[in-house]
Each structure stands twice: as structure tokens, then as C-alpha cells.
Amino acid sequence: MRKTRVVLIIVGVLTAIPAFLVGYAAGQRKIPTETVGQSEELLRSIDLTSELDSTKGRPLRMRKMTLQPGGVLGLHNHVDRPAVTYLLQGQMTYHQDGRPDLVANPGEGFAEGRATTHWAESTGKVPAVWIAVDIPKP
């Protein structure tokens, strides 16, 4: 009877170890080689060909900006600092020299190149929050 018990224990252990290893291996996730479930929508872009002489020493940066209702961005230009923006919340009115005013709501934005001189104001009831991506001077 004791031999039978020992044999059953050994058989059980020998059966459990491979089952554990198979389960462990099956639970390990392979590194994916293809993208699945992603979608993409180009929001804004600007051709940099005539915008910059060189990108040496210049970062590409992304910032989250917030402007309180009634707040303003002072008059400035984008010579040698191309930018694209995407509004997340609030409302911005964009005043560009030589062009009609533009009102941006969430999901909209602007592309700003060397020909852009403008100022802007937060014209909504909640703070304007946007993502700004640009290539500033060092």
C-alpha cells in the first residue's frame, strides 16, 4: 500500500510539472510584430521644406497649453518656429494678420508657419486647453 501511494505521488508530480510548464508557456505573451486596432486621423500638418534652414540643435516639442476664459495670447509670429495646434476644450478665436478671424472649438486647430503673425483669445466659458507641437529656436 505504501509503494502504491509513493507511485501515485510520483505520477502526480510528473504529470503536474509538464502541465504547469505548458500553462506557463501558453500564458506568456509574444511580442507583437504587427499593429492591430489602431486608427489614425491627420489633424494638422505643415510642410517644413521652406520653414527651416536647419534643424540642428532644435527640439520637436509637444505642450499642453491652458488659457483661462478672457485670456489672450499676445501678438507674435512663427518665423523659424512652425507649429500645429489641436484644441481639446474651450474655444479660441484666432486673429491672423490679413485674414478673417477664425473660431476653433474642440477637435479643431491651426497650422502656423513663417507667414503667420497672429494673436488669440479664449472666448469660451471654460478654459481653452490645447496641444501645441512646434520646433522652437534653441
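Some remarks on the packing of aromatic side chains
In this description, a pair of aromatic rings is defined by centroid distance and the angle of the planes.
Part 1: Evaluated as defined, the whole model comprises 1 aromatic pair.
Part 2: Considering the side-chain rings of Tyr94 and Phe110, the 3.9 Å spacing of their centres and the 10° angle between planes classify their relative orientation as stacked. A residue pair is termed long-range when its members are at least 10 positions apart, and Tyr94 in strand S4 (residues 92–96) and Phe110 in the loop between strand S5 (102–104) and strand S6 (111–112) qualify at 16 residues.
Part 3: Residue Phe110 is classed as buried on the basis of its relative accessible area of 12%.

What to know about the nonpolar core
Part 1: Counting 10 residues, the largest nonpolar core is built from Leu67, Leu87, Met92, Tyr94, Ala104, Phe110, Ala120, Ala128, Trp130 and Ala132.
Part 2: Listing elements by their share of this core, those giving two or more residues are S4 and strand S8 (128–134).
Part 3: Tallying contributions element by element places S8 first for this core, with 3 residues.
Part 4: Once residues within four sequence positions are removed from consideration, Ala132 is found in contact with Arg61, Met62, Arg63, Met65, Val84 and Thr85.

Section: the sheet that holds S5
Part 1: Strand order in the open sheet made by the 4 strands is S2-S7-S4-S5, with antiparallel pairing throughout. Each edge of the sheet is formed by a strand with only one pairing partner; in this case those strands are strand S2 (72–77) and S5. Taking each pair of neighbouring strands and ignoring which way they run, the sheet shows an average axis angle of 20°.

Section: the pattern of salt bridges
Part 1: On inspection of all chains with the given rule, the structure shows 4 salt bridges.
Part 2: With a shortest N-O distance of 3.5 Å, Arg63 and Asp134 are connected by a salt bridge. On the criterion of sequence distance, the pair formed by Arg63 in strand S1 (residues 61–67) and Asp134 in strand S8 is long-range, its members being 71 residues apart.
Part 3: Assessed through its relative accessible area of 1%, Asp134 is described here as buried.
Part 4: Arg81 is paired through a salt bridge with Asp134; the nearest N and O atoms lie 2.8 Å apart. Of this pair, Arg81 sits in the loop between S2 and strand S3 (83–89) while Asp134 is found in strand S8, placing the two residues 53 residues apart along the sequence.
Part 5: By sharing partners, the salt bridges in this structure join Arg61, Arg63, Arg81 and Asp134 into a single network.

What about the pairing of strand S7 (residues 117–122)?
Part 1: Residues His118, Ala120 and Ser122 line the buried face of S7, whereas the alternating positions Thr117, Trp119 and Glu121 sit on a face that is not buried.
Part 2: Where S2 lies against S7, 4 bridges are found, and the strand directions are antiparallel. Considered in S7, the bridge of Val72 is made with Glu121.
Part 3: Taken together, the 5 bridges between S4 and S7 define a ladder with antiparallel strand orientation. Paired with Tyr94 across the strands is Ala120, a residue of S7.

Thresholds, definitions, all that
Residues numbered from 1 in each chain as written. Predicted model: local features only at pLDDT ≥ 70, side-chain atom pairs only at ≥ 80, totals over all residues. Heavy atoms only, no water. Phe/Tyr/Trp six-rings, centres within 6.5 Å; stacked < 30°, edge-to-face > 60°. Helix = DSSP H or I, 4+ residues; strand = E, 2+ residues; numbered from the N terminus. Buried < 20%, exposed > 50% of the residue type's maximum accessible area, 1.4 Å probe, protein only. Core = buried A, V, L, I, M, F, W, Y, C linked by side-chain atoms within 4.5 Å. Contact = heavy atoms within 4.5 Å. Pairing = 2+ DSSP bridges. Axes fitted to C-alpha atoms, helices over the stretch in contact; angles between N-to-C directions. Salt bridge = Lys/Arg side-chain N within 4 Å of Asp/Glu carboxyl O.

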